[in-house]
Amino acid sequence: MEENKEKEPMSLEKAFASLENSINQLEAEDISLEESFKIYEEGMKLVKYCNQKIDEVEQKILVINEKGDLDEF
């Protein structure tokens, strides 16, 4: 998973774009088995990262709801 030079975390949008790119690479007919395993492994890291980011957002929304500042999800 790539991060920029300042070590800021990858945005969720960029992670999803990277996942889409990985899927396109895996669908290519001329990909080797070794390369497909590397792309798959990187893709699974991206999926985990995306899940963590989504969970963080959900937790923030729940905290806001508990304070009464936001009524809808």
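The present account deals with the structure reproduced in this document. Quick caveat: nothing in here was measured; it's all calculated off a predicted structure. (Residues numbered from 1 in each chain as written. Predicted model: local features only at pLDDT ≥ 70, side-chain atom pairs only at ≥ 80, totals over all residues. Heavy atoms only, no water.)

## Quick look at the pattern of salt bridges
Turning to step 1, where the next piece is worked out: Within this structure, the stated rule accounts for two salt bridges.
Turning to step 2, where the next piece is worked out: Note that glutamate 35 and lysine 38 form a salt bridge whose closest N and O atoms lie 3.5 Å from each other. Of this pair, glutamate 35 and lysine 38 both sit in helix H2 (residues 33–67), three residues apart, which is roughly one turn of that helix.
Turning to step 3, where the next piece is worked out: With relative accessibility at 33%, the residue glutamate 35 sits in the partly exposed group. (Salt bridge = Lys/Arg side-chain N within 4 Å of Asp/Glu carboxyl O. Helix = DSSP H or I, 4+ residues; strand = E, 2+ residues; numbered from the N terminus. Buried < 20%, exposed > 50% of the residue type's maximum accessible area, 1.4 Å probe, protein only.)

## Quick word on the nonpolar core
Turning to step 1, where the next piece is worked out: Formed by Met10, Ala15, Leu19, Leu46, Tyr49 and Cys50, the largest nonpolar core amounts to six residues.
Turning to step 2, where the next piece is worked out: Listed by contribution, the elements that provide at least two residues to this core are helix H1 (12–26) and H2.
Turning to step 3, where the next piece is worked out: At three residues, the largest contribution of residues to this core is made by H2.
Turning to step 4, where the next piece is worked out: Excluding its chain neighbours within four sequence positions, the residues that come into contact with cysteine 50 are Leu12, Ala15, Phe16 and Leu19. (Core = buried A, V, L, I, M, F, W, Y, C linked by side-chain atoms within 4.5 Å. Contact = heavy atoms within 4.5 Å.)

## Some words on the side chain of serine 36
Turning to step 1, where the next piece is worked out: Mapped onto the elements, serine 36 comes out in helix H2.
Turning to step 2, where the next piece is worked out: Sequence-distant contacts of serine 36, defined by excluding residues within four places in its chain, comprise Leu26 and Ile31.

## Considering H1
Turning to step 1, where the next piece is worked out: Between its first and last C-alpha, H1 extends 21 Å over 15 residues, near the 21 Å set by a 1.5 Å rise per residue.
Turning to step 2, where the next piece is worked out: Of all the positions in H1, only Ala15, Leu19 and Ser22 are classed as buried. Looking straight down H1, one finds that the buried residues subtend no more than 60° of arc, so they occupy a single side. Within H1, the exposed residues directed more than 90 degrees away from the buried face are Glu13 and Glu20. (Expected span 1.5 Å × (residues − 1). Arc of directions from axis to C-beta.)

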